[in-house]
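# Inside the fold
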Amino acid sequence: MKHLPSERHTLSILVDNEAGVLARIVGLFSARGYNIESLTVADVSDDHAVSRITVVTNGPPPVIDQIMAQLDRLVPVHRVVDLTDWGPHVEREMALVKVAGAGEKRVEALRLADIFRARPVDTSINSFVFEVSGSSEKVNQFITLMREVGLVEVARTGVVAIARGAEAV
Amino acid sequence: MGTEQTGAEIVVQALTDLGVEVVFGYPGGAVLPIYDALFQQNRIRHILVRHEQAAVHAAEGYARASGKVGVVLVTSGPGATNAVTGITDALMDSIPLVVLTGQVPTHLIGTDAFQECDTVGITRHCSKHNYLVKETAKLGPVLHEAFYIARSGRPGPVVIDIPKDVQIMKARYDKPGVISHKTYKPQVKGDLAAIEAAVDMLAAAERPILYTGGGIINSGPVASQLLRELAKVTGAPVTSTLMGLGALPDDHPQFLGMLGMHGSYEANMAMNKCDLMLCLGARFDDRVTGRLDAFSPGSRKIHVDIDRSSFNKTVRVDLTIQGDVGSVMEDMLKVWRARGHKTTDQKAWWGQIAGWRSRNSFGFEQKGESLLPQKAIQRLYEMTKAKKPIISTEVGQHQMWAAQHFGFHDPNKWLTSGGLGTMGYGLPAAIGAQLAFPGALVIDIAGEASIQMNIQELGTAMQYRLPVKIFIINNEYMGMVRQWQELNHGGRYSESYSDSLPDFVKLAEAYGWKGIVIEGPHDLDAGIQAMMDHPGPVVVDCRVAKLANCFPMIPSGAAHTDMILSAADEVGPADDDAKALV
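Residues numbered from 1 in each chain as written. Chains lettered and ligands numbered in written order. Predicted model: local features only at pLDDT ≥ 70, side-chain atom pairs only at ≥ 80, totals over all residues. Heavy atoms only, no water.

Regarding its fold elements, chain B presents 22 helices and 20 strands. A globule of 582 residues ought to have a C-alpha radius of gyration of about 25 Å, and chain B, at 24 Å, matches this closely. For chain B, the C-alpha atoms occupy an extent of roughly 70 × 60 × 45 Å along the three principal directions. Counting the 582 residues in chain B, one finds 61% classified as buried. Taking as baseline every contact in chain B between residues at least 6 positions apart, the subset at least 24 positions apart corresponds to 76%. One finds the centroid of the 53 positive side-chain charges in chain B at a distance of 5 Å from the centroid of its 61 negative side-chain charges. (Helix = DSSP H or I, 4+ residues; strand = E, 2+ residues; numbered from the N terminus. Rg over C-alpha atoms; globule rule 2.2 N^0.38 Å. Buried < 20%, exposed > 50% of the residue type's maximum accessible area, 1.4 Å probe, protein only. Contact = heavy atoms within 4.5 Å. Lys, Arg positive; Asp, Glu negative; His and termini not counted. Charge placed at Lys NZ, Arg CZ, Asp CG, Glu CD.)

What follows is the structure in structure tokens.
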């Protein structure tokens, strides 16, 4: 089964906001040899009782099914949704990108940032920090371009995702 | 109700409310308050083991024999880490346990305090669920929830880590009503449409087989009765995993015996050639399937399991039914009858099976002076069966021979470490089972190597006057290791000889047990009879042929159809891919 082609899936996991829950989820992935491309977690309820964990993983479809089943049987997990199978959904990622340089490179960096709707959130006489958000592809592309004009370092959030339309998953 | 109690008193009160009669444990600094509370009551009996691993195995034995939740109480640090093997064993074999561990006081957690370890971190992946309870007021609800989680759904071990200050502080405790959990809701009832589809597939099959597992035992004795009915109405052959033995009587005409690596030829061949496989509470373990791409290639497969993650994990199936296997079988029988299905004509299928059966794959020939281990177990079975004994085992050749040659007629009589394969399991498990059934004949079928892994528990049995019997199949080798070295590693017996063995009779006597030696075929029956006649605990050192191999066997990486039936069939050394398998 592991020889089938790998697919990228975005999973949304609602869990009790309790100590150790993240360790349970992450530990399950490492213990069973599943991949994590990115992972985000934050409290998403009024009473701070529930967190949403968004995991981007990849594997052949039977492995993705196993991941879903394994997550679903953890006691503190409320709900697991494979957004990739679910249907239309929005995926966004945010990155902070630091570039340094002077002269034409500095001007070009600002120009490219404008095209990508990246905002400078910190400026010094020879550097910028840009905030860019969008799909992972867009963020990747922006970072690639910034390499040409003095990329220093990058911090990324990983993917957050939500289903389109009026319904909650 | 309403008055405040210490955390330790709440633990004891909650255990009492939950109907707990026996706790297996070992005291230490971080659980002293709970031990003090136990001292001041007489409703719960505490069994003092000699090592915490044995406390967990004893609780497993108690749980498996009685169907109740086993309870363990150990201290922090080494108490908890010693319990880890048992907890993992219970997880692999789906045994309901609640393990209470002491912890350093909350203000010392994270400071590397004396006997501190990250118990919830260490047990997170070897327990069904675990808790660190930081407030005394939560102890009662957590205990009740833990029992619910341990015994419902796919059963398993639940660990509750209790810091010492939480045991001492006071809070109110009220016995809760019916427990439900906001996120954990096991599915008991199977989907009716799927059950109807399964029944129709079964009714249309020409070569059906029922492949049954430990889920039937876990579901309760009713499930074993339902299996007998299902076997009757469908007329299908039945095979069982190691964990499921006893669900159908060993001498039932439709029973093909255990399947898998050391299962019967007819069971494995029937699995390979069937056109419909109904898997009931088993999980397509690698010991059962052999080489996956050759596993039952021509069959449609239906899988009934309470745990969704068991579906399609290693073998793709055509239909899944999530639910308690007893409940699903009950519904299947209703649908079968409602639709007026008749037992199908399986004459040709049973004819094929008769051919495989005639190979007599569990057969052996006892001749000469050295006693064959198979013969020893066969006689042990024949001489004790009238007493309906409970059998535990250690792990290795003796375990497989016991599975092959001891007949099980009822569920909850067979206690063996299947998933984890834990040497040292059998003696403590027998102690636990004997506590659940003080009048029963409980025998640990052991090997001379395995028994030494928890030999200190001879003291526990003596202390509580438990008449446990240990029947050591002594071949002076870690026999299964030696067998694999013979088959796969050129007969280089690297570190598998049991050197410097103790005199088991003297050892038994040192603990106050009776010791008996069986030297060979001539004194086998007399030795077994002497064991049965002694009212107290007995160690039998049964000397058997040293180099006997456990057959039949599916070599690692081979298909069901490539079974080795006897030493004469032995194939050449395994290739590297096969050698890499366990």
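All right, on to the overall build of chain A then. When you go through chain A residue by residue, the secondary structure sums to five helices and nine strands. Tracing chain A from N to C terminus, the helices and strands come up as β-α-β-β-α-β-α-β-α-β-β-α-β-β. The dimensions of chain A, computed from C-alpha atoms along their principal axes, are 55 × 45 × 30 Å. In chain A, buried positions account for 43% of the 169 residues.

Before going further, it helps to examine the interface of chain A and chain B. Reports of interface size often rely on the accessible area that becomes lost once the parts have come together. Residue-level contacts link 19 residues of chain A with 20 residues of chain B. Interface of chain A and chain B: buried area, both sides summed, is about 1600 Å²; carbon and sulfur atoms make up 53% of it. Close ionic contact of D72(A) with R308(B) constitutes a salt bridge, the shortest N to O distance being 3.0 Å. Where chain A meets chain B, there are six residue pairs in polar contact (both at pLDDT 80 or more). (Buried area = accessible area lost by both parts, 1.4 Å probe. Salt bridge = Lys/Arg side-chain N within 4 Å of Asp/Glu carboxyl O. Polar contact = N/O pair within 3.5 Å; in protein donor to acceptor, adjacent residues only side chain to side chain.)

Residues and elements named next belong to chain B. Within the open sheet, the six strands sit side by side as β16-β15-β17-β18-β20-β19. Their pairing is parallel. The outermost strands of the open sheet, each flanked by one partner alone, are β16 (414-415) and β19 (514-518). Direction of pairing for β19 relative to strand β20 (residues 538-543): parallel, over a ladder of five bridges. Each bridged residue has a counterpart across the sheet, and for I518 the counterpart in β20 is C542. The strands touched by helix α17 (residues 426-436) within the sheet are β15 (390-393), β16, β17 (442-447) and β18 (469-474), with β17 carrying the most contacts at an inclination of about 175°. (Pairing = 2+ DSSP bridges. Axes fitted to C-alpha atoms, helices over the stretch in contact; angles between N-to-C directions.)

Residues and elements named next belong to chain A. Taken as a whole and judged by the stated rule, the model has one cavity of 30 Å³ or more. Volume-wise, the largest cavity comes out at about 30 Å³. Taken together, V99, A100, G101, K105, R106, A109, N126, S127, F128 and V149 make up the lining of the largest cavity. The set of elements that each furnish at least two residues to the lining of the largest cavity consists of β5 (89-100), α4 (104-115) and β7 (127-134). (1 Å grid on protein atoms, 1.4 Å probe; cavity = no way out; pocket = protein on both sides within 12 Å on 5 of 7 lines; lining within 4 Å. Points joined across faces, edges and corners; volume = space filled by probe spheres on them.)

Another point: the pairing of strand β13 (residues 300-305) of chain B. Residue and element names in this part refer to chain B. Where burial is concerned, most of β13 is hidden: five out of the six residues are buried. As paired strands, strand β12 (residues 276-280) and β13 are joined by five bridges and run parallel to one another. Bridging across to β13, L276 finds its partner in R300. Where β13 and strand β14 (residues 319-322) come together, four bridges link them in parallel fashion. If you follow D305 over to β14, its bridge partner there is Q322.

A word on the packing of aromatic side chains. Going through the model one piece at a time under the given rule, you end up with 14 aromatic pairs over all chains. Of the aromatic side chains, those joined through ring pairs into one cluster are F116(A), F128(A), F130(A) and F142(A). Of note, R106(A) hangs over the ring of F128(A), and the distance from its end group to the ring centre comes to 4.2 Å. Positioned over the ring face of Y265(B) is R359(B), at 4.8 Å from the centre of the ring. (Phe/Tyr/Trp six-rings, centres within 6.5 Å; stacked < 30°, edge-to-face > 60°. Lys NZ or Arg CZ within 6 Å of the ring centre and 35° of its normal.)

A few words now on the domain arrangement of chain B. All names here are of chain B. Taken domain by domain, chain B holds domain 1 (4-172), domain 2 (192-357) and domain 3 (373-550). Using C-alpha coordinates to define each centre, domain 1 is positioned 30 Å away from domain 3. Listed as interface residues are 23 residues of domain 1 and, on the opposing side, 26 residues of domain 3. For the pair domain 1 and domain 3, the summed buried surface comes to about 2000 Å²; carbon and sulfur atoms form 60% of the total. Its largest share of buried area at the contact with domain 3, domain 1 owes to R50, R64 and A65, together 29% of the area lost on that side. On inspection of domain 1 and its partner domain 3, the count reaches zero salt bridges. (Domains from an automatic or database assignment.)

Residue and element names in this part refer to chain B. With an omega of -5°, the peptide bond running from F551 to P552 counts as cis. Tracing the chain through its elements places P552 in the loop between β20 and α22 (576-580). The backbone of K388 sits at a positive phi, close to 45°, despite the residue not being glycine. Secondary-structure assignment places K388 in the loop between α15 (373-384) and β15.

Taken together, the side chains of L22(A), V26(A), I36(A) and V41(A) present a nonpolar region at the surface, about 270 Å² in accessible area. Mapping V41(A) onto the fold places it in strand β2 (residues 38-43). (Patch = residues over 30% accessible without salt bridge, like charges linked within 9 Å, V, L, I, M, F, W, Y side chains within 5 Å. Areas by Shrake-Rupley, 256 points an atom, 1.4 Å probe, with all protein chains shown as cover.)

Our next topic: the sheet that holds β2(A). All names here are of chain A. Ordered in space as β2-β3-β1-β4, the four strands form an open sheet in which the pairing is antiparallel. The open sheet is flanked by β2 and β4 (77-82), the only strands paired with a single partner. The average undirected angle you get between the axes of adjacent strands in this sheet is 15°. Contacts from helix α2 (residues 61-72) reach β1 (7-16), β3 (50-59) and β4, with the element oriented near 165° to β4.

This brings us to helix α19 (residues 479-488) of chain B. Residues and elements named next belong to chain B. Here α19 lies mainly inside the structure; eight of its ten residues are buried. For α19, every residue scored as buried is listed here: G479, M480, R482, Q483, W484, Q485, L487 and N488. Buried residues along α19 sit in contact with α16 (397-405) and α22. G490 lies just past α19 and shows a positive phi near 65°.

Along α17(B), ten of the eleven residues are buried, which leaves the element largely enclosed by surrounding structure. Along α17(B), the residues that are buried comprise G426(B), L427(B), P428(B), A429(B), A430(B), I431(B), G432(B), A433(B), Q434(B) and L435(B).

All told, the structure shown has 28 salt bridges over all chains when counted by the stated rule. A salt bridge links D525(B) to R379(B); the nearest nitrogen and oxygen atoms lie 2.9 Å apart. On the criterion of sequence distance, the pair formed by D525(B) in helix α21 (residues 524-533) and R379(B) in helix α15 is long-range, its members being 146 residues apart. Here E486(B) makes a salt bridge to R482(B), at a shortest N to O gap of 2.8 Å. With E486(B) and R482(B) both in helix α19 and four residues apart, the pair spans about one turn of that helix. Taken together, the shared-partner salt bridges connect R8(A), E37(A) and E91(A) into one network.

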